[in-house]
Amino acid sequence: MEWMTGALCARADPDLFFAVGAAGPTLREELAAKRICVRCPVLRPCLAWALDSGQAHGVWGGTNAEERAALRRRRGSATPRPPLSTALH
């Protein structure tokens, strides 16, 4: 995970990236974290790592837990499946 050394969040308040709650201050902290992510040079590898490792909390790669869950669902539905005829053999 070499990419972490170049992450802008490494120099930010970790509480921004792991806010607790679902409204008010938590939403403001999440937006502040995402503003940092948008400028981060390692946004893509961070998001890929979060998706691959199943991070269920916090802001990673500019996404929150719900956004990553949606990406995982889309990623899973994009997986090619064998034709039904071959699956029955």
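In this report, the structure presented in the accompanying data block is examined. (Residues numbered from 1 in each chain as written. Predicted model: local features only at pLDDT ≥ 70, side-chain atom pairs only at ≥ 80, totals over all residues. Heavy atoms only, no water.)

**A word on the environment of Thr26**
Moving on, step 1. Looking at the secondary structure, you find Thr26 in helix 2 (residues 25–39).
Moving on, step 2. Separated by 10 residues in the primary sequence, Thr26 and Leu16 have C-alpha atoms spaced 8.2 Å apart.
Moving on, step 3. When near neighbours in sequence (up to four residues on either side) are disregarded, Thr26 contacts Ala19, Val20 and Gly21.
Moving on, step 4. There is a polar contact of 2.7 Å between the side chain of Thr26 and the backbone oxygen of Val20. (Helix = DSSP H or I, 4+ residues; strand = E, 2+ residues; numbered from the N terminus. Contact = heavy atoms within 4.5 Å. Polar contact = N/O pair within 3.5 Å; in protein donor to acceptor, adjacent residues only side chain to side chain.)

**Looking at the nonpolar core**
Moving on, step 1. Within the largest apolar cluster, seven residues are counted, these being Trp3, Ala7, Cys40, Val42, Cys46, Ala50 and Trp60.
Moving on, step 2. Not counting residues up to four positions away in its chain, the partners in contact with Ala7 are Cys40 and Val42. (Core = buried A, V, L, I, M, F, W, Y, C linked by side-chain atoms within 4.5 Å. Buried < 20%, exposed > 50% of the residue type's maximum accessible area, 1.4 Å probe, protein only.)

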